[in-house]
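# Summary of the model geometry
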Amino acid sequence: MKRSYRYIKVPGEEKRYFCVQQNPVRLAWVLFCNKDTLLPMIITNEVDKWPQQSIKKQFVDCYVTFRSNIRKLIAFMNYKDKNSNICSAVELPFYGQICVLVNKGYKIFDLRRGIALKVYRDDVDILTIKNEIECLLKGSLFDFAPYIKRWNIDERWYEEDYIGGSLERSNEPRNTQDMLTRFSEDVIPCLGKLTSQHSPVIENSADYVTNLKNTMEDISFWRSGIDESKMDTILGFIRSAVDRVRSEMKIPFYLVMTHGDFCPANMLNTKKGLKVIDWESTAYRSAMFDFYSYLFFRPLHQNLPLDKLILEIREALKLYVDKLNSIDPDISQN
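The structure reproduced in this document is the subject of the present report. (Residues numbered from 1 in each chain as written. Predicted model: local features only at pLDDT ≥ 70, side-chain atom pairs only at ≥ 80, totals over all residues. Heavy atoms only, no water.)

## Some remarks on the packing of aromatic side chains
Heads up, the rule is: Geometry of aromatic contacts follows a simple scheme: Phe, Tyr and Trp rings, the Trp one being its six-membered ring, pair when their centres are within 6.5 Å, and the pair is stacked under 30 degrees between planes, edge-to-face over 60, tilted otherwise. The helix count covers DSSP runs of H or I at least four residues long, the strand count covers runs of E at least two residues long, and both are numbered beginning at the N terminus. The buried label applies to any residue whose accessible area, calculated with a 1.4 Å probe on protein chains only, is under 20% of its type's maximum; exposed applies above 50%, and partly exposed to all values in between. The criterion for a charge sitting over a ring is simple: Lys NZ or Arg CZ within 6 Å of the ring centre, and within 35 degrees of the ring normal.
Within this structure, the stated rule accounts for 17 aromatic pairs. With 5.8 Å between their ring centres and 35° between their planes, Phe183 and Tyr294 make a pair best called tilted. Here Phe183, found in helix H4 (residues 176-197), pairs with Tyr294, found in helix H7 (residues 288-295); they are 111 residues apart in sequence, far enough to count as distant. Of the two residues, Phe183 and Tyr294, neither departs from the other in class, the shared state being buried. In textbook terms, an aromatic cluster arises when at least three aromatic residues are bridged by ring pairs, as seen for Phe183, Phe262, Phe291, Tyr292, Tyr294, Phe296 and Tyr320. Taking NZ or CZ as reference, Arg285 lies 4.7 Å from the ring centre of Phe289, over its face.

## Observations concerning the nonpolar core
As a reminder of what qualifies: We call a set of buried Ala, Val, Leu, Ile, Met, Phe, Trp, Tyr and Cys residues a nonpolar core when their side-chain atoms join them within 4.5 Å. Any two residues having at least one pair of non-hydrogen atoms within 4.5 Å are treated as being in contact.
Core analysis: the biggest nonpolar cluster contains 37 residues, and Phe183, Phe262, Trp279, Tyr294 and Leu295 have the highest contact counts within it. Breaking this core down by element, the ones donating at least two residues are helix H3 (126-139), H4, strand E11 (252-258), strand E13 (273-276), H7 and helix H9 (306-327). A total of eight residues in this core trace back to one element, the largest contributor, which is H4. Residues in contact with Trp279, not counting those within four places in the same chain, are Cys135, Leu136, Gly139, Phe142, Phe144, Ala145, Pro146, Leu194 and His259.

## Some points on the packing of helix H5 (residues 205-218) against helix H6 (residues 228-247)
To keep things clear, this is the line we draw: All axes here are fitted lines through C-alpha atoms, helices being fitted over the stretch that makes contact, and every angle between N-to-C directions spans 0 to 180 degrees. Roughly parallel refers to an angle under 35 degrees, roughly antiparallel to one over 145, roughly perpendicular to one between 65 and 115, and oblique to any angle outside these ranges. Polarity classes work like this: nonpolar for Ala, Val, Leu, Ile, Met, Phe, Trp, Tyr, Cys and Pro, charged for Asp, Glu, Lys and Arg, and polar for all others, with Gly in that last group.
At their nearest, the axes of H5 and H6 sit 9 Å apart, and the two run at 170° to each other. Between H5 and H6, the interaxial angle falls into the category roughly antiparallel. Here H5 contributes Ser205, Ala206, Val209, Thr210, Lys213, Met216 and Glu217 to the contact with H6, which in turn contributes Leu235, Ile238, Arg239, Val242, Val245 and Arg246. Here the residues of the contact of H5 with H6 sort into seven nonpolar, two polar and four charged.

Dropping the structure here:
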């Protein structure tokens, strides 16, 4: 019989679970020495009022984190000593110090072995698991992505390298110049490698935009919370844009390898440079797909005014087109 491991969620945690079958000393080491990578990204629309490099802010952050981790450690030890009840717990087939609730399942982190292991929920169908693993294998080709080591589709899991680093914080807005410098030095090289790794797929432009329109009309999850008049406005704009493209000459449209969710929430700053995680949505798309995924993160999660976003897009686009032109002028001109 395969062994199972119990993971509990202590007060003060939203998505993280701690494995009961571990020494509290090891958990303390994880909490205090490896907290960045193992913290799930919490999206917020509140702009940080402290200057990013403020010494006072750093001190306050350290104090709050230390106090919070002490409380979590005490709650964990009380549970092990049977002195308290934990309202939420899960049983998983693999050991790690921490697991995090993620899309379609749980991701287990075993820092001793240097691995991250995803276990899918029972209600996720096998075809979905197979498709995601195929996407992860494509991502493994890049030096800025984790390498997928093992997987078992029937048993509903895969194992990849653990990447240690600090998250790109969504609630700490950079000014425009800092963002453009970051984009030029770290982000564009990743986008360039994605574009150059495989030969592009050529599709008819009219067919491409028609497929996009049909997808947008069929997706229901993004419509929740939007009233009918606004929905009509959005879909009307999409349809008019598609009609305009279709009225032009039918030109070839270049599709390149893309990450699919290329944003700071999936980026880690490491000693070896920028690393990108969560490659389950890898596919051939427009070369602009990941570009806009990265830039649209700012107005959504940093309250960046749209007029500033437009200026940033114009400046970033010049840098990106220059890179594309050095890789494949046809893609750049297209």
